[in-house]
Amino acid sequence: MSFHYEVVISCFLEAHTPDTVLDTLHWLLGIADERPAHLSDDTFPYQTFDPDPDSRLPGGDVATLRQQKRGFTAYGDVVEWGLHVRVLVHDDGMGEIYSFLELIEPHVSGDGYAGHIRNEDDPTQMDILILGSGSFQIS
């Protein structure tokens, strides 16, 4: 029997996140159809977070990456990359979740709650994702 997990990742990435990371994210989220040339099949074998239009999650799968204004300073607007993912992932794809977190962690703006992982059939148990300070934690 296989399991499916609701994976939610919601955080801001720094404005100066490298293009290679953004290109990888665009492909993983299904925003770009073509695999980036720098990305090997070993790291991310498929578009892990490409939203399934027929998802069983209430409201469906969602995956976005867009520039968002977070505030302002004396020098102008503060604009960062807003990343929000809520998808149903088969248990075979859970290894890619850790690779994904390792990819974004160095570029996360601020520390704290960044999402959760929950077995689709277990509404009481949630693993909370904490990002920041150069690492990620799942508790």
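Because the structure is a prediction, the values reported are computed rather than measured.

## So, the confidence of the model for the protein
On average, the protein scores 88 in pLDDT, and the residues at 70 or more come to 95%. Taking the mean pLDDT of every element in the protein, the minimum, 67, falls on strand S6 (residues 135–138) and the maximum, 96, on helix H1 (residues 19–28).

## Some points on the packing of H1 against helix H2 (residues 94–104)
Running from amino to carboxyl end, H1 crosses H2 at an angle of 150°, the nearest separation of the two axes being 11 Å. The crossing of H1 and H2 is left-handed. Residues Val-21, Thr-24, Leu-25 and Leu-28 of H1 touch H2, and the partners they reach there are Phe-100, Leu-103 and Ile-104. Across the contact of H1 with H2, the residue classes break down as six nonpolar, one polar and no charged.

## Here's the deal with H2
Every α-helix carries 3.6 residues per turn, so stepping three or four residues along brings you back to the same face. Considered for burial, the residues of H2 that qualify are Met-94, Glu-96, Ile-97, Phe-100, Leu-101, Leu-103 and Ile-104. Along the long axis of H2, the arc covered by the buried residues comes to 155°, so they all point the same way.

## Quick look at a negative patch on the surface
On the surface, Asp-33, Glu-34, Asp-50, Asp-52 and Asp-54 cluster together into a negatively charged patch. Of note, Asp-50 is situated in the loop between H1 and strand S2 (62–73).

What counts, and where the lines are drawn
Residues numbered from 1 in each chain as written. Predicted model: local features only at pLDDT ≥ 70, side-chain atom pairs only at ≥ 80, totals over all residues. Heavy atoms only, no water. pLDDT = per-residue confidence, 0-100. Helix = DSSP H or I, 4+ residues; strand = E, 2+ residues; numbered from the N terminus. Axes fitted to C-alpha atoms, helices over the stretch in contact; angles between N-to-C directions. Left-handed = near helix turned anticlockwise from the far one by under 90°. Contact = heavy atoms within 4.5 Å. Nonpolar A, V, L, I, M, F, W, Y, C, P; charged D, E, K, R; others polar. Buried < 20%, exposed > 50% of the residue type's maximum accessible area, 1.4 Å probe, protein only. Arc of directions from axis to C-beta. Patch = residues over 30% accessible without salt bridge, like charges linked within 9 Å, V, L, I, M, F, W, Y side chains within 5 Å. Areas by Shrake-Rupley, 256 points an atom, 1.4 Å probe, with all protein chains shown as cover. Salt bridge = Lys/Arg side-chain N within 4 Å of Asp/Glu carboxyl O. Lys, Arg positive; Asp, Glu negative; His and termini not counted. Charge placed at Lys NZ, Arg CZ, Asp CG, Glu CD.

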